Amino acid sequence: MTTANVTPPVGEKHTDAPLISARGICKTFGTHQVLHDVSLDVHRGEAVCLLGRSGSGKSTFLRCLNLLERAERGIVMLDGELLGHHVRHGRVHRLPARQEAAQRQQLGMVFQQFNLFAHKTVLDNVIEAPVRVAGRKPREAAKDAVQLLERVGLADKVKAYPGQLSGGQQQRVAIARALAMKPKVLLFDEPTSALDPEMVTEVLQVIRSLVLGGMTTIIVTHEVGFAREVCDRFVFMQDGRIVEEGPASRLTEGAEHPSTRDFLSKVL
Amino acid sequence: MSEIVTMRDQARTTDSTAAAAPAAAWNRRLEELAAVPRARRFHVARSLMALLLVLAVGRLAWSLAQNPAFEWSRVWDYFFSAPVMKGLENTITLTALSMGLALVVSVALANMRLSDNPVLRAIAGFYVWFFRSVPLLVLLILWFNISLIYPTFAIPFPGDGWSYETRDLMTAYWSAVLAFGLQQAAYTSEIIRSSLLAVPHGQREAALALGMRPTQIFRRIVFPQAMKIAVPPVSNDLINLLKATALVAFISVPDLLYSVQQIYNRTFEVVPLLMVATIWYMIMVSILSVGQYLLERWLGRSAAARANGRLSKQRSAA
């Protein structure tokens, strides 16, 4: 394996170590290599958006970060901890499922299809992991859950089942559920792509307030306008590679790479 | 495009100018028509067919009720008699124990079939193949005669261990439980497997992303949702099993059928005693069906909540 291209993060202002770093991530589905040597650093409090056409590998990369997909090569470090692996006798070994699960709770994830637990009420969805994984008392977890649901504007839906909610409401519950584990990083995988247009705003509003509150986020999105306004930095992917990254403000006219410009001209 | 638009516009303008006066009359006529009440349609062929069927079924019911062979009074004499009650109890416990065994084994088998371990997959596949290939009656007699294959049964425990005569352990009753339970497990495992596969993959991923462990995900997220899907077909299996336990008459376990057989072998009241068994089987199946309905309603409460929500939304909109 060639040495991973250790590009320093674009925002040079950071002096501390990045909160999450990926180096040389390679991923193949069958014979098709979807990620080629992808590396990324994200600092505490930073909001980064991943842009690119469908099939460019941005969702797969996001899923590699919390080990939902297993990269064949490359590593992910979160807050100084190697994710999913440990080094012994000069080799990287995979961690047992139990420890992997323990690490994964540090990264929250919000899915395109919400994936709320269909057989549980909104409250039970939110307290499931705090009670079962973090071992908190149900009553305390419920108290926090209600606060989180208030933050996303759904305190009155505590007893509802996911099927009774609109897509936008379900996605806001999903965000509250991810936040309930107090993650260090929040990953959004096209959070508004499955929503009716009139519901996109309410979800973006919640994400915006999280970013403003200092949450470290990585967002895969097609909402370039939103990305430019809310994110600090954009990363543009094509054919499984990062072809350009830069401050999000440059998304309007400052993009340099021809593919980025081409993409932006089509979506803006 | 633009041509079509202009043509349509022209048509509209000519319409509105030329047809101003007749339009009011036309509207009145349409409203009158819309207000005419609808006549009920009389379905000749359908009514005739229904009448014939009712007559035929009525005639059949009458002949059954009138037929002295049934000896209905004898039916009620035996209905709650001690041997019938004992047989009923055996049928119920046999079904319950077999199904309990089948459920435990089938969940294990389904998980083995879905596991990443090729050896587990193969073993489970072999199990299902074997128990589906052997007729239930053959299996029953085979288990009953297991002592011919393994005369002693030993647990190599610390010290001398325990050793038993297989004949003492494997009574007719327990060989029936094993035969029914193990074969039922093969069938039920296929239902459980497809139900597990029917739970959307995103549910597992969301649970994984929250840091839940694989066993937790199975117990708390996937299995409860799979159960909702599995209840109707598994209830079907249970009802089938209840009736299939009548086969134990072959190995002389005094279940419901065997008990009434023993009575009519003495008294020759064959038909009334078969009616006793039939009615009891029908009662048990009816109770199971009600149980299935209640279980489905309870498991489906999230879906029911959705339906109610939709209704109340419509109501408030109206």
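Refer to the structure printed above.
Here, residues in each chain are numbered from 1, in the same order as that chain's written sequence. Note on labels: chains are lettered from A, ligands numbered from 1, in written order. Note on the predicted model: pLDDT of at least 70 is required for a residue's local features to be given, and 80 or more for side-chain atom pairs to be given and counted; whole-chain, interface and lining totals, by contrast, use all residues. Only hydrogens and water are set aside; all other atoms, that is, all heavy atoms of the structure, feed into the side-chain values.

Engineer: Help me get a handle on the overall build of chain A, residues and values and all.
Structural biologist: To qualify as a helix, a DSSP run of H or I must reach at least 4 residues; to qualify as a strand, a run of E must reach at least 2; elements of each kind are numbered from the N terminus. Each helix and strand counted, chain A has eight helices and 12 strands in total. C-alpha atoms define the radius of gyration in this analysis, and the globule rule sets the expected value at 2.2 Å times the number of residues to the power 0.38. Scaling as 2.2 N^0.38, a compact globule of 268 residues should have a C-alpha radius of gyration of about 18 Å, and chain A matches this with 19 Å. Here chain A holds 268 residues, and the buried ones make up 56% of them. What makes two residues a contact is simply this: any of their non-hydrogen atoms within 4.5 Å. A sequence separation of at least 24 residues applies to 66% of the contacts in chain A between residues at least 6 apart. Only protein chains enter the accessibility calculation, which uses a 1.4 Å probe; a residue is then buried when its area is under 20% of its type maximum, exposed when over 50%, and partly exposed in between.

Engineer: Pulling in residues and values, what's your account of the sheet that holds strand S12 (residues 241-247) of chain A?
Structural biologist: Residue and element names in this part refer to chain A. Strands sit in the order S8-S9-S10-S3-S11-S12 across an open sheet of six strands; the sheet is mixed. Of all strands in the sheet, those bounded by a partner on one side alone are strand S8 (107-110) and S12. For this sheet, the mean inter-axis angle between neighbouring strands, taken without regard to orientation, is 20°. Judged from the four bridges that link them, S8 and strand S9 (residues 185-189) form a sheet pairing that is parallel. Within S9, the residue paired with Leu107 across the bridge is Val185. Under this scheme, a helix contributes an axis fitted over its contacting stretch, all axes are lines through C-alpha atoms, and angles between N-to-C directions fall in the 0 to 180 degree range. Here helix H1 (residues 58-65) sits on the sheet in contact with strand S3 (47-51), S8, S9, strand S10 (216-220) and strand S11 (233-238), set at roughly 150° to S9. Relative to the sheet, helix H6 (residues 197-212) contacts S3, S9 and S10, its axis offset from that of S9 by approximately 155°. Should DSSP find at least two bridges between two strands, the strands are regarded as paired.

Engineer: Tell me about the nonpolar core, and please be specific about residues and values.
Structural biologist: Put simply, buried Ala, Val, Leu, Ile, Met, Phe, Trp, Tyr and Cys residues joined by side-chain atoms within 4.5 Å make one nonpolar core. Residues A:Ile20, A:Ile25, A:Phe61, A:Leu65 and A:Ile218 are the most contacted members of the largest nonpolar core, which totals 78 residues. Take this core: its biggest share by element is 12 residues, from helix H10 (residues 172-198) of chain B.

Engineer: Could you give me a rundown of the sheet that holds strand S4 (residues 73-78) of chain A, with the residues and numbers involved?
Structural biologist: Residue and element names in this part refer to chain A. The four strands are arranged S2-S1-S4-S5 in an open sheet whose pairing can be described as antiparallel. A strand with exactly one partner marks an edge of an open sheet, and here the two such strands are strand S2 (32-42) and strand S5 (81-82). One ladder, built from seven bridges, connects strand S1 (residues 20-29) with S2; its direction is antiparallel. What sits directly across from Ala22, in S2, is Leu40. Strands S1, S2 and S4 of the sheet are contacted by H1, whose axis makes an angle of about 120° with S1.

Engineer: Can you lay out the pattern of salt bridges for me, pointing to particular residues and giving the numbers?
Structural biologist: In the sections that follow, a salt bridge refers to a side-chain nitrogen of Lys or Arg positioned within 4 Å of a carboxyl oxygen of Asp or Glu. Tallied over the entire structure, the rule returns 28 salt bridges over all chains. A:Arg136 is the partner of A:Glu140 in a salt bridge, and the nearest nitrogen-oxygen pair spans 3.7 Å. Between A:Asp144 and A:Lys182 there is a salt bridge; the shortest N-O distance is 4.0 Å. In this pair, A:Asp144 sits in helix H4 (residues 138-151) while A:Lys182 sits in the loop between helix H5 (167-179) and S9, placing the two residues 38 residues apart along the sequence. If you follow the salt bridges from partner to partner, you end up with A:Lys27, A:Arg63, A:Glu69, A:Glu72 and B:Glu205 in one network.

Engineer: I'd like to hear about the packing of helix H5 (residues 82-113) of chain B against helix H14 (residues 270-299) of chain B, residue by residue, with values.
Structural biologist: All names here are of chain B. Relative to each other, H5 and H14 sit at 40°, their axes nearing to 12 Å. Considering the angle they form, H5 stands oblique to H14. Handedness of the H5/H14 crossing: right-handed. The residues of H14 that touch H5, namely those facing Val84, Met85, Leu88, Thr91 and Ile92, are Val276, Trp280, Tyr281 and Met284. Lys, Arg, Asp and Glu make up the charged group, whereas Ala, Val, Leu, Ile, Met, Phe, Trp, Tyr, Cys and Pro make up the nonpolar group; the residues left over, Gly among them, are polar. In the contact of H5 with H14, the residues fall into eight nonpolar, one polar and no charged. Put simply, angles under 35 degrees are roughly parallel, angles over 145 are roughly antiparallel, angles from 65 to 115 are roughly perpendicular, and the rest are oblique. Should the near helix be turned anticlockwise from the far one by less than a right angle, the crossing is left-handed, and should it be turned clockwise, the crossing is right-handed.

Remember, this is a structural readout, not a statement about activity or role.
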